Amino acid sequence: MAKAREKKSNFASLKFVPRFLSKVYHTHPGLFLANVFLRLLKSLIPIALLWVGKEIIDEVIFQVDLDAKDLTRLYWLIGIELVLAIFSDVFNRLIGLTDGLLGDLYSNTSSIELIQKTAKVELASLEDSEFYDKLERARQQTTSRVSLMSNVLAQIQDIITIISLISGLIYFYPILILLLVISIIPSLINELKYSQSTYSLQKSWTPERRELDYMRMIGASDITAKEIKLFGLADFISNTFKRISDKYYKANKKLSIKKSLWGGTFHILGDLAYYGAYVFIVLKAVAGFVTIGDLTFLAGSFSRLRSQLQTVFSRFSNITESAMYLQDYFEFIDMDFSGENPEQYREGPTEFKHSIRFENVSFRYPQSDKNVLSNISFDLIKGEKLALVGENGAGKTTLIKLLLRLYDPTEGQILMDGVPVQEYRKQAYQKMLGAIFQDFVKYYLTAKINIAVGNIDEEHNTEKIKNAAVQSLANDVIESLPEGYNQGLGRRFRKGAELSGGQWQKIALARAYMSDAPIIILDEPTSALDARAESQVFQRFIALTEDRTSIIISHRFSTVRMADRILVLQNGQILEMGTHEELLAKPQLYAELFELQAEGYRE
Ligand SMILES: Nc1ncnc2c1ncn2[C@@H]1O[C@H](COP(=O)(O)OP(=O)(O)OP(=O)(O)O)[C@@H](O)[C@H]1O
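For the protein, an unreviewed UniProt entry supplies the name ABC transporter ATP-binding protein and the organism Psychroflexus salinarum. Entered under Subcellular location (unreviewed entry) in the UniProt record, the comment concerning the protein runs "Cell membrane".

This is the structure:
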């Protein structure tokens, strides 16, 4: 039953081919049409060549018997053959060229489409491994399916050639077609059968292939190199890689051998049919029913037809296989991630007026059965500087993710100025918040862009970028680089400058100053700063965001105490809330942690 369904999907995926071709067409209509036109012309060259060849042989034999020889027709025929051969070569080159250009254009467009689409995916989906596998197959499609276009077009081209050759055979001896069919059908069945199995194998191995990619990445990357050497992990990684890849190799090998064995057997059957046809034609020639020219034409047509049909069939299985990846790609592109119906949303928000309220908010990560946050209720008042404190895993970052609507609460709700945040279009709402996380991204791009990502619309506003860098103490770092703001960062690319952890953080912090959002969140992006820098950064941050609302997560109490109000989380619940002084006066977690840190400094 499952097999029947799979077979069906094998062919069903072909329905994506026209859409694919239409996409390729739209990347460059002129190039596409030129390609199709050239292929049409090219498809008729084989029969024309065979026919001219036949005429030449018959003409030679005719002239041999003549006393007064006239070679004019012969020269003409040879001239035509030469022109055809030259055209064939020129067409081939032009087809190859347009194929390559269209392939590049398609690959670029579909990669951009994939990046745009992935940006719309909810974080929760990206953490789902099944979804991730689908994305992975869609990604493969963008780079490796380029050949699909030339395959489909070549297929159409070859089919026209086949029809022209078949017409030739029918004109002489229709029975030859029967022999041809016998010689080719088994191969066709074989090809189809194995194209399905290859795809199924590849599909079922997506998670392992993803694991292999990951192992390859951690085993050969500048980011992991330090630890791998220090902990001597190279053998561990290569052994893991080998274990998985050997299993895959074995499964693949079995299939390849079976495919090749059956393919070889059927090919021999084809050879037998070909020689049967050959004997038939030779006998006809000997009996004088056909000329020697006809003999070469028919034998040539038959042989050409056979190889052309083989090509068409194996290409067909190639196309169905590629089309199955295409299906993954289009299914991904067609996924509706927005869930947004413009009419159901409110306008805005365009400003933050009074407060954000968490109302009995609880949250559980997808595929988890444990609440990470339970019954959280508090108000964040406009203009307030709120600090979140709590031990590792208490739920601080999760709370921020909910506020940013990277996830929705499982229970309860979050309101902005009295309106449940879900009622706003997500993009408009998120514009109200600027956040820098502890695991901020180090873009291996210029220093300037690394800051501008905080507000990419201001990418060219050099003054604003520089100003942001001054505020976050990144300016001194950048000015000491050989190429200043245009310096590429990270060693991944040529001439890229590597920065220390703290220097990277200063650059990431500048992103917060790029943002015009009324609420700014810093989730521990200062942990690598030295004590003086951190204190300086926060004093500036508080002064500069005086008219804005901010949330700071930090484990350093020297920073936390600067906040207007401190919220202490424990095991996903609010344990206490108040000013530094109020909390110190209570014998609870905050006072205990503060004391621990202070003691550490005193000793
Ligand atoms: N994507 C996720 N899927 C499932 N569980 C998660 C996910 N992210 C975090 N958690 C779990 O949620 C809990 C809270 O994590 P969170 O990152 O909010 O803590 P935190 O207070 O910010 O900790 P830290 O001080 O270490 O940064 C942890 O137990 C963690 O294992």
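Having seen it, we continue.
(A) Quick look at the side chain of N35. Along the chain, the position of N35 falls in helix α3 (residues 29-43). Among the polar contacts made by the side chain of N35, one reaches the side chain of D99 at a distance of 2.7 Å. N35 has contacts with I95, T98, D99, L102 and L153, leaving out every residue within four places of it along the chain.

(B) A look at the pairing of strand β4 (residues 411-416). Inspection of the sheet shows strand β1 (residues 355-364) paired to β4 by 5 bridges, in the antiparallel sense. Residue S362 lies in a different strand from β4, and its bridge partner there is E411. Of the pairings in the sheet, the one linking β4 to strand β5 (residues 419-420) comprises 2 bridges and is antiparallel in character. Bridged to L415 within β5 is P420. Counted between consecutive antiparallel strands, the loop separating β4 from β5 contains 2 residues, among which D417 sits at a positive phi close to 50°.

(C) Geometry of the domain arrangement of the protein. Looking at the assigned domains, one finds that the protein contains domain 1 (15-334), domain 2 (353-432 + 517-603) and domain 3 (438-514). Spacing between the C-alpha centres of domain 1 and domain 3 amounts to 48 Å.

(D) Inspection of the site of the ligand at higher detail. Surrounding the ligand, one finds 15 residues, the nearest of these being G393, G395, K396, T397 and T398. Y365 places a side-chain nitrogen or oxygen 3.3 Å from a nitrogen atom of the ligand. Between the ligand and A394, the relevant distance is 3.2 Å, taken from an oxygen atom to a main-chain nitrogen or oxygen of the residue. Relative to its unbound accessible surface of 640 Å², the ligand loses 67% to contact with the protein. No other element matches helix α14 (residues 396-403), which puts 4 residues into the shell around the ligand.

(E) Expanded view of the pattern of salt bridges. Going through the model one piece at a time under the given rule, you end up with 18 salt bridges. Of the charged contacts, one joins E59 and R73 as a salt bridge, the two residues approaching to 2.6 Å between their closest N and O atoms. Highlighted residues: E59 in helix α4 (residues 45-64) and R73 in helix α5 (residues 72-120), separated in sequence by 14 residues. By relative accessible area, E59 is classed as buried at 8%. For D516, the salt bridge goes to K464, with nearest N and O atoms at 2.8 Å. Remark: K464 occurs in helix α17 (residues 462-471) and D516 occurs in the loop between α19 (501-514) and β7 (519-523); sequence separation between them is 52 residues.

(F) Fine view of the pairing of β7. For β7, a buried count of 5 out of 5 residues is recorded, marking the element as mostly surrounded by other parts of the structure. Neither face of β7 is left uncovered, since the one carrying I519, I521 and D523 and the one carrying I520 and L522 both have all their residues buried. Alignment of strand β6 (residues 433-436) against β7, held across 4 bridges, turns out to be parallel. Looking across to β7, one finds that G434 is bridged to I520. For β7 and strand β8 (residues 549-553), the ladder comprises 5 bridges, and the chain directions are parallel. Bridge pairing links I520 to S550 in β8. As for the winding sense of the linkage, the β-α-β connection from β7 through helix α20 (residues 531-544) to β8 is right-handed.

(G) Structural view of unusual backbone geometry. A positive phi is found at R405, a non-glycine position, where the angle reads about 60°. For N571, which is not a glycine, the phi torsion comes out positive at approximately 45°. Turning to its location among the elements, N571 is positioned in the loop between β9 (565-570) and β10 (573-578).

(H) Representation of the packing of aromatic side chains. Applying the stated criterion across every chain yields a total of 18 aromatic pairs. Ring plane angle 90° and centroid distance 5.4 Å describe the contact between Y173 and F280, whose orientation is recorded as edge-to-face. Placement of the pair is Y173 in the loop between α8 (146-172) and α9 (175-204) and F280 in helix α12 (residues 234-286), with a sequence separation of 107 residues. The exposure class assigned to Y173 is buried, which follows from its relative accessible area of 16%. Here F363 and Y407 contribute two aromatic rings whose centre-to-centre distance is 5.5 Å and whose plane-to-plane angle is 55°, an arrangement assigned as tilted. One end of the pair, F363, is in strand β1; the other, Y407, is in the loop between α14 and β4, with 44 residues separating them in the sequence. Residue F363 shares its accessibility class with Y407, and that shared class is buried. Counting every residue linked through ring pairs, the aromatic cluster contains W51, Y171, F172 and F297. Taking the ring centre of W51 as reference, the NZ or CZ of K54 above it sits at 4.9 Å. Above the plane of the ring of F289 lies K284, whose end atom (NZ or CZ) is 5.1 Å from the centre.

Rules used throughout
- Residues numbered from 1 in each chain as written.
- Predicted model: local features only at pLDDT ≥ 70, side-chain atom pairs only at ≥ 80, totals over all residues.
- Heavy atoms only, no water.
- UniProt positions renumbered as here; feature names shortened; annotations may be inferred.
- Helix = DSSP H or I, 4+ residues; strand = E, 2+ residues; numbered from the N terminus.
- Polar contact = N/O pair within 3.5 Å; in protein donor to acceptor, adjacent residues only side chain to side chain.
- Contact = heavy atoms within 4.5 Å.
- Pairing = 2+ DSSP bridges.
- Domains from an automatic or database assignment.
- Near = heavy atom within 4 Å.
- Areas by Shrake-Rupley, 256 points an atom, 1.4 Å probe, with all protein chains shown as cover.
- Salt bridge = Lys/Arg side-chain N within 4 Å of Asp/Glu carboxyl O.
- Buried < 20%, exposed > 50% of the residue type's maximum accessible area, 1.4 Å probe, protein only.
- Right-handed = clockwise from strand over helix to strand, strands pointing away.
- Phe/Tyr/Trp six-rings, centres within 6.5 Å; stacked < 30°, edge-to-face > 60°.
- Lys NZ or Arg CZ within 6 Å of the ring centre and 35° of its normal.

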